[in-house]
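Survey of secondary and tertiary structure
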Amino acid sequence: MADLSPQELRVLAAVADAGGFSAAGAALGLTQSAVSHSVRGSEAKVGAVLFERGRAGARPTPAGERAVALGCRILRMYEVLGAEARGAGRDTVAGVLRIAAFRSAALHLLPPALDRLAARHPGIRPEVRVVRELGAGTAGEVAAGRADLGIATLNATGATGATGATGSVPAEAAAPGRLLTGVLREEAYALVHPAGHPDPKALPLLDWDENCGSYTRDWWRAQDWIPRATVKAEDDGMVLTMVGRGLGMAILPELSLREATDAVDITGLGPSGPVRRVGYVTTPEFASTLAVRALIRELRAEEG
């Protein structure tokens with residue numbers, strides 16, 4: 001099988017992103033026929049149909065999704081090659097570092113680590129995207145080549161999927177290829193309720209879609225005092241605000257509770273309460289890059 005060139009990989013990524021050959025050509029400065037010819041050539045080299053063509057445009061097949069994701073990761077490695085070579089043997093590195101993180105991690109976990117990273121490596125330019133932990137979540141951004149490192153909620157031990165030494169991410173986020181993870185912190189959930197309320201367990205439950213780890217849900221199902229959620233908010237910050245206004249109680253992890261005000265009280269759930277793991281997710285190739293290694297060191301220093 002002949003290797004795909006960087007330009008062929010760029011065409012595949014553009015078609016997947018634009019949803020059609022004409023739009024991809026416009027984005028790349030190519031004609032529709034040139035894009036079509038490139039895709040056909042790539043399919044011949046790979047030995048698989050990469051896009052379903054139709055009147056509505058072009059959509060990646062399962063083989064195409066895998067090829068595009070791996071292609072994006074390869075193109076990204078081309079981008080960092082120069083910075084890696086220049087940084088070899090030195091104590092610093094430069095270039096863009098793409099990070100995906102869920103909301104509370106982006107607010108509370110990343111900033112101090114990025115401050116220290118900037119002090120030690122002023123040439124690194126972090127680009128942070130906040131991604132909801134739904135479906136593939138932040139790990140999916142890494143797997144798809146859109147982020148070099150993700151801050152993710154990791155499954156309980158024993159879960160399937162891409163695994164590292166200390167954690168795992170959902171199976172759907174692992175494709176294509178193996179992802180590496182490491183636990184940065186374990187944080188307990190707590191009951192948060194309006195300050196001074198005499199019977200917080202009698203209040204309606206407030207929740208948000210991202211609060212859906214299987215280990216948490218298993219614990220919830222075993223608690224006969226927790227009602228079905230009557231309100232689902234956009235994120236944990238909104239839940240905390242609603243609790244402070246007396247609209248209900250919620251069960252939130254420690255990172256979310258860093259925004260708590262005097263309007264709420266926080267009650268621990270005891271040693272049998274749920275605990276979530278928060279960690280980093282990256283690819284094997286990026287785990288060895290200077291910028292990602294530097295950020296992981298700072299993230300570990302924050303929690304150490």
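As a starting point, this report considers the structure included with it. (Residues numbered from 1 in each chain as written. Predicted model: local features only at pLDDT ≥ 70, side-chain atom pairs only at ≥ 80, totals over all residues. Heavy atoms only, no water.)

1. So, the side chain of Ser42
Quick note on the threshold: Think of it this way: any DSSP run of H or I at least four residues long counts as a helix, any run of E at least two long counts as a strand, and we number them from the N terminus. To sort residues, take the accessible area from a 1.4 Å probe on protein chains only and compare it with the maximum for the residue type: under 20% means buried, over 50% means exposed, and anything in between is partly exposed. Contacts are residue-level and defined by heavy atoms, with any inter-residue pair within 4.5 Å sufficient.
Structurally, Ser42 is set in helix 3 (residues 32-46). On the basis of relative accessible area, Ser42 is assigned to the buried category, the value being 0%. Beyond its immediate stretch of four places on either side in the chain, Ser42 contacts Leu4, Glu8, Leu12 and Leu50.

2. Section: the pattern of salt bridges
Convention followed: In what follows, salt bridge is the name for a side-chain nitrogen of Lys or Arg lying within 4 Å of a carboxyl oxygen of Asp or Glu.
The full count for this structure, using the stated rule, is 21 salt bridges. Here Arg53 and Glu43 are joined by a salt bridge, their closest N and O atoms 2.7 Å apart. Within this pair, whereas Arg53 is found in strand 1 (residues 51-54), its partner Glu43 is found in helix 3, the two being separated by 10 residues in sequence. Given the relative accessible area of 41%, Arg53 is considered partly exposed.

3. Describing the packing of aromatic side chains
For any two aromatic rings, the description comes down to two numbers: the centre-to-centre distance and the angle of the planes. The test is simple: Any Phe, Tyr or Trp ring, taking Trp's six-membered ring, that has another such ring centre within 6.5 Å forms a pair; planes under 30 degrees apart are called stacked, those over 60 apart edge-to-face, and the others tilted. Throughout this description, the term charge over a ring refers to an Arg CZ or Lys NZ atom that lies within 6 Å of the ring centre and within 35 degrees of the ring normal.
For the coordinates displayed, the defined rule picks out 1 aromatic pair. Taking 6.5 Å as the distance between ring centres and 85 degrees as the angle between the ring planes, the aromatic pair formed by Phe21 and Phe51 counts as edge-to-face. Placement of the pair is Phe21 in helix 2 (residues 21-28) and Phe51 in strand 1, with a sequence separation of 30 residues. Accessibility expressed as a relative area gives 1% for Phe51, which makes it buried. Over the ring of Trp225 we find Lys201, and its NZ or CZ is 4.6 Å from the ring centre.

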